[in-house]
Amino acid sequence: MASNPTDDQDVTSDYGESVTTSEFTSLNTTRLLHSYEHGRRYQGVLQGRYGMPNDDAEQLREGVKHRLYSDYILEGKLFIAPVGPSPQKIVDLGTGFGLWALDVAEQYPSARVIGVDLSPIQPNWLPPNLEFRVEDLDDEHRPWTSIYLGADLMHLRFLLPTVRRPELVLRKCLENLKPGGWVEIHDIIPKIFSDDGTADVDHPIHTLYKHIDGPFSNVYGWNLQFPSSAAGVLESLGFVNVTVRRNAIPIGRWHNDPRLREMGVFAQSLLSDWLVTMLVRHETLGLDADEAHKLGQEILDAFNNPRIHAQHDWLDIWAQKPPS
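Here's a quick rundown of the structure. (Residues numbered from 1 in each chain as written. Predicted model: local features only at pLDDT ≥ 70, side-chain atom pairs only at ≥ 80, totals over all residues. Heavy atoms only, no water.)

1. Describing the overall build of the protein
Helix and strand counts for the protein come out as 10 helices and 10 strands. A buried classification covers 56% of the 324 residues belonging to the protein. Intrachain contacts of the protein at a sequence separation of at least 6 include 71% that bridge at least 24 residues. Working note: accessible area of the protein is about 14500 Å², and carbon and sulfur atoms make up 51% of it. (Helix = DSSP H or I, 4+ residues; strand = E, 2+ residues; numbered from the N terminus. Buried < 20%, exposed > 50% of the residue type's maximum accessible area, 1.4 Å probe, protein only. Contact = heavy atoms within 4.5 Å. Areas by Shrake-Rupley, 256 points an atom, 1.4 Å probe, with all protein chains shown as cover.)

Here it is as structure tokens:
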């Protein structure tokens, strides 16, 4: 259930003032605020924002997702954009626990790497070229700080559907990239499909997507459908060399190819943990406890059915700021 706005201001007043008046908010100067609900820990910096937990269980899920992307989908690479061998500044927007930023900082020791997130949950022991910042990226009334200017690469993984103003975030990326710099986006298109007709619009996870797009998004401002239009938004903002790659990732262990079967196991684990995390907040989804339990079981049963050959499109998009 959404919190009373007045109560939100009271709970976060010490932190809220620093967000609106300081040039930036660093982990070294921020009171680490969290809220708790249904036994899970959430960010408490701004109430009614994001809606996913930031606790150890979510960190484990983020770790699996990071490995699936870097080891499998990107085949050992950390990004696809042709940034060049010696980037000087790399920014990870929505860094979460900072796993990608840590790997990039170690691989590119001469680059300044900045990880940005609403939650101050990143590790304290860092490579010397890595720093983390707490920032509300889609606050239309507060400009981004100058530390992001001149970036070679802006990296966004599973961020845009969870912010209220994704177009604003992409416009800020364009403004802060150096001429010829790149933005790279990774997201999932929330639509289950199959090559053989065993999974289609009747897959039960689409019911969950509808509840997220409805009642949940009314509270948190999510837009799960935005990735489908992200490439067009990039072009309209003035990016060039916009490239889109779709990756059909299985859900479950049904695929005959060993590598794709491994990817399917990872994908099923990620989605199963995610749906449990979402359904525990059934009130926000417009469901009662029994409806949430029934929907969750239907989705898990579908995931575990080897006759249902479900897949998701995992989307990779990269685009360049005009060189001049």
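2. Quick word on the packing of aromatic side chains
Summed over the entire model, instances satisfying the criterion amount to 9 aromatic pairs. When the centroid spacing of 5.7 Å and the interplanar angle of 75° are considered together, the rings of Trp-144 and Tyr-148 count as edge-to-face. Each member of the pair, Trp-144 together with Tyr-148, is buried. Of note, Lys-65 hangs over the ring of Phe-158, and the distance from its end group to the ring centre comes to 4.4 Å. (Phe/Tyr/Trp six-rings, centres within 6.5 Å; stacked < 30°, edge-to-face > 60°. Lys NZ or Arg CZ within 6 Å of the ring centre and 35° of its normal.)

3. A closer look at the side chain of Ser-70
Along the chain, Ser-70 falls in helix α3 (residues 56-73). Reaching out from Ser-70, the side chain makes a polar contact with the side chain of Arg-67 at a distance of 3.0 Å. Side chain to side chain, Ser-70 and Asp-71 meet in a polar contact 3.5 Å long. Not counting the four nearest positions on each side in its chain, Ser-70 is found in contact with Glu-75, Gly-76, Lys-77 and Leu-78. (Polar contact = N/O pair within 3.5 Å; in protein donor to acceptor, adjacent residues only side chain to side chain.)

4. Re the pattern of salt bridges
Inspection of the entire model under this criterion finds 11 salt bridges. Across the salt bridge formed by Glu-131 and Arg-112, the nearest N and O atoms sit 2.6 Å from each other. Taken as a pair, Glu-131 in strand β6 (residues 130-134) and Arg-112 in strand β5 (residues 112-117) lie far apart in primary sequence, 19 residues in all. The buried category is assigned to Glu-131, whose relative accessible area is 17%. When salt bridges with common partners are traced through the structure, they connect Arg-67, Asp-71 and Asp-103 into a single cluster. (Salt bridge = Lys/Arg side-chain N within 4 Å of Asp/Glu carboxyl O.)

5. Focus: the environment of Arg-261
You can see Arg-261 is positioned in helix α8 (residues 258-279). Spatially, the C-alpha atom of Arg-261 lies 9.3 Å from that of Ile-249, the residues being 12 residues apart in sequence. Not counting residues within four places of it along the chain, the set of residues in contact with Arg-261 comprises Gly-252, Arg-253, His-255 and Asn-256. Within the structure, Arg-261 has its side chain in polar contact with the backbone oxygen of Asn-256 (distance 3.2 Å).

6. Structural notes on unusual backbone geometry
In this model, Phe-158 sits at a positive phi of 55°, which is unusual for a non-glycine residue. Summarising the element assignment, Phe-158 is placed in the loop between β7 (151-157) and α5 (166-176).

7. A closer look at the side chain of Lys-172
As for its position among the elements, Lys-172 is in helix α5. With a relative accessible area of 16%, Lys-172 lands in the buried category.

8. Some remarks on the nonpolar core
By size, the foremost hydrophobic cluster in this structure holds 31 residues, and its most contacted members are Ile-73, Ile-90, Val-113, Leu-153 and Trp-314. Element by element, the count of residues in this core is highest for helix α4 (residues 99-107), at 5 residues. The contacts of Val-113, once residues within four sequence positions are left out, are Ile-90, Ala-101, Val-104, Ala-105, Asn-129, Leu-130 and Glu-131. In this structure, Leu-137, Leu-160, Val-163 and Val-233 belong to the second largest nonpolar core, which totals 30 residues. (Core = buried A, V, L, I, M, F, W, Y, C linked by side-chain atoms within 4.5 Å.)

9. Brief notes about the pairing of strand β4 (residues 89-93)
Each regular strand carries side chains that alternate between the two faces of the sheet. Taking burial as the measure, the 5 residues of β4 include 5 buried ones, the bulk of the element. Side chains Lys-89, Val-91 and Leu-93 project from β4 onto one buried face, and the interleaved Ile-90 and Asp-92 project onto a second face that is buried too. Relative to β5, β4 runs parallel, the two being bridged by 5 bridges. Bridging across to β5, Ile-90 finds its partner in Val-113. The parallel pair β4 and β5, bridged by α4, forms a crossover whose chirality is right-handed. Across 4 bridges, β4 lies against β7 in parallel orientation. Bridging across to β7, Asp-92 finds its partner in His-155. (Pairing = 2+ DSSP bridges. Right-handed = clockwise from strand over helix to strand, strands pointing away.)

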